[in-house]
Amino acid sequence: MDAVATPAAVRWQVQVVFGIGDARLAKRLADEVGRFTSLDALACPATMEKLRDTVTRTSPGAIMLDDMFLGGAPLLDSLCRLTESAPVILLAPAARQAQAAGLVAEGDLEFVVRVGDFVPLAVSLLERRVRWAERAKSACGQPRAELPGNIAEIFRHEINNPLTGILGNAELLLAHRDRMHATDTQRLETVVSLAVRLRETVRRLSNSPWNGVHPLKSA
């Protein structure tokens, strides 16, 4: 299944890239994604090589990847390369969770177990990632390239990891909003919004061209 064509010169036009080998699954996902973004902003490369090229050229808001699309390529290496450009929503069996846990902890990966009707959850996570990317893009544009290389690791470990904890705990509290005063709910929503913007800014800065080493690859 080849891509919905997108001009390579328009770097920010592609919002979502699919790595989905099953044509019926790709069609259903595309129909769902069409609810929150134009299908002109969706690219569906036919191979992993083309997917990596598309992601490098377009810097999308998010990538939806089915592990069966990898075609036998090492999971962690493939994910690390992709998350250098954009966050990934991975569709995979539960047995793959341990391999992907490090990237989930870093905030670069969402893991969806490919069992039952997993599509609504996958699309919801994708929609959230695209929304976060749009907020970050409007706040800071493309990352600057003049910072020293070692600052990328500082961003990821000293800023991003605590920020992920803040965001996760705030979202857990919001899950019980029916027990909270409206003012408290509004304040928590502000915390989540600001944390999202900051985390996406950190991700874009740490993945800019001066970041030559991914922390999971160098571990």
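Our subject is the structure that appears above.
Structural notes, computed from the coordinates. Here the residue numbers are simple positions, counted from 1 along each chain's written sequence. Where local features are concerned, this predicted model is filtered to residues with pLDDT of at least 70; where side-chain atom pairs are given and counted, the filter is 80 or more; whole-chain, interface and lining totals use all residues. Excluded from the side-chain calculations are hydrogens and water; all other atoms, namely the structure's heavy atoms, are used.

Comments concerning the overall build of the protein
Using the following cut-off: Strands here mean DSSP runs of E at least two residues long; helices mean DSSP runs of H or I at least four residues long; both are numbered from the N terminus. Any two residues whose heavy atoms approach within 4.5 Å at even a single point are treated as in contact. Areas reported as accessible are Shrake-Rupley estimates using a 1.4 Å probe. Residue values count occlusion only from the protein chains shown.
In terms of helices and strands, the protein carries eight helices and five strands. Sequence-ordered secondary structure for the protein, helices as α and strands as β, is β-α-β-α-β-α-β-α-β-α-α-α-α. In the protein, 72% of the contacts between residues at least 6 apart in sequence involve partners at least 24 apart. A total of about 10,800 Å² of accessible surface is found on the protein, and carbon and sulfur atoms cover 55% of it.

Some details on the pattern of salt bridges
Side chains that differ in charge, positive against negative, can pair when their charged atoms come close. Here is the rule: Within this document, salt bridges are pairs made up of a side-chain nitrogen of Lys or Arg and a carboxyl oxygen of Asp or Glu, the two lying within 4 Å of each other. In this scheme, a residue with accessible area under 20% of its type's maximum is buried, one over 50% is exposed, and one in between is partly exposed, where area comes from a 1.4 Å probe on protein chains only.
Counting across every chain of the model gives 11 salt bridges. A salt bridge links Arg-128 to Glu-110, with the nearest nitrogen and oxygen atoms 3.1 Å apart. Of this pair, Arg-128 sits in helix 5 (residues 119-140) while Glu-110 is found in strand 5 (residues 109-113), placing the two residues 18 residues apart along the sequence. Take Glu-110: its relative accessible area is 13%, and that puts it in the buried class. Where Glu-171 meets Arg-128, a salt bridge forms, and the shortest distance between an N and an O atom there is 3.5 Å. Pair noted here: Glu-171 is in helix 6 (residues 151-174) and Arg-128 is in helix 5, with a separation of 43 residues, a long-range link. What emerges from the salt-bridge pattern is a single network uniting Asp-66, Asp-67, Arg-96 and Arg-114.

Focus: the nonpolar core
The nonpolar side chains of a soluble globular protein tend to be buried, and buried together. Under the convention used in this document: What is meant by a nonpolar core is a set of buried Ala, Val, Leu, Ile, Met, Phe, Trp, Tyr and Cys residues, joined one to another through side-chain atoms within 4.5 Å.
Membership of the largest hydrophobic core comes to 22 residues, with the highest contact counts inside it found for Phe-18, Ile-20, Leu-29, Met-64, Ile-89, Leu-91 and Leu-126. Secondary structure elements with two or more residues in this core: strand 1 (16-19), helix 1 (23-33), strand 3 (62-66), strand 4 (88-92) and helix 5. Sort the elements by how many residues they give to this core and helix 5 lands first, with six residues. Contact partners of Leu-91, with chain neighbours within four places excluded, come to Ile-20, Leu-25, Leu-29, Met-64, Leu-65, Asp-66, Asp-67, Val-112, Arg-114, Phe-118 and Ala-122. Core analysis: the next-biggest nonpolar cluster, separate from the first, contains 21 residues, Ile-63, Leu-70, Cys-80 and Leu-103 among them.

Digging into the packing of helix 2 (residues 48-58) against helix 3 (residues 75-83)
Helix packing for two helices is described by the angle between their axes and how far apart those axes are. The line we're drawing: Axes here refer to lines fitted to C-alpha atoms; in helices the fit is confined to the stretch in contact. Angles between the N-to-C directions go from 0 to 180 degrees. In what follows, roughly perpendicular refers to angles from 65 to 115 degrees, roughly parallel to angles under 35, roughly antiparallel to angles over 145, and oblique to any angle outside these ranges. Residues are sorted three ways: Asp, Glu, Lys and Arg are charged, Ala, Val, Leu, Ile, Met, Phe, Trp, Tyr, Cys and Pro are nonpolar, and all the rest, Gly among them, are polar.
Across the interface, helix 2 lies against helix 3 with an axial gap of 10 Å and an inter-helix angle of 25°. Regarding the angle of helix 2 to helix 3, the classification is roughly parallel. Contacts between helix 2 and helix 3 involve Met-48, Leu-51, Arg-52 and Val-55 from the former and Ser-78, Arg-81 and Leu-82 from the latter. In terms of residue class, the contact of helix 2 with helix 3 is made up of four nonpolar, one polar and two charged.

Side note on the pairing of strand 1
Heads up, the condition is: Strand pairing is defined by DSSP finding a minimum of two bridges between the two strands.
Going residue by residue along strand 1, you find Val-16 and Phe-18 tucked away on one face and Val-17 and Gly-19 tucked away on the opposite face as well. Sheet analysis places strand 1 next to strand 2 (residues 42-43), joined by two bridges and oriented parallel. Within the sheet, the bridge partner assigned to Val-16 lies in strand 2 and is Leu-42. Relative to strand 3, strand 1 runs parallel, the two sharing four bridges. Looking at the pairing, Val-16 lines up with Ala-62 of strand 3.

A short note on the packing of helix 3 against helix 4 (residues 97-106)
Counted only if it meets this: Whether a crossing is left-handed or right-handed is set by the direction in which the near helix is turned from the far one by less than a right angle, anticlockwise for left-handed and clockwise for right-handed.
Here helix 3 crosses helix 4 at 20°, and the two axes come no closer than 10 Å. One finds that helix 3 runs roughly parallel with respect to helix 4. Here helix 3 runs over helix 4; the crossing is right-handed. Counting all contacts with helix 3, which are made through Leu-75, Leu-76, Leu-79, Cys-80 and Thr-83, the residues of helix 4 involved are Gln-99, Ala-100 and Leu-103. Residue composition of the contact of helix 3 with helix 4, by class: six nonpolar, two polar and no charged.

Quick look at helix 1
Quick note on the threshold: When we speak of the arc, we mean the arc of directions from the helix axis to the C-beta atoms. In protein, a polar contact means a hydrogen-donor-capable atom and an acceptor-capable atom, both N or O and within 3.5 Å, with residues adjacent in sequence counting only if both atoms are side-chain atoms; elsewhere, any N or O pair within 3.5 Å suffices.
Taken as a whole, helix 1 has its buried residues at Leu-25, Ala-26, Leu-29, Ala-30 and Val-33. Summarising the axial view, the buried residues of helix 1 lie within an arc of 135°, below the 170-degree limit, and thus occupy one face. At the N-terminal boundary of helix 1, the capping side chain belongs to Asp-22, with an oxygen 2.9 Å from the backbone nitrogen of Arg-24.

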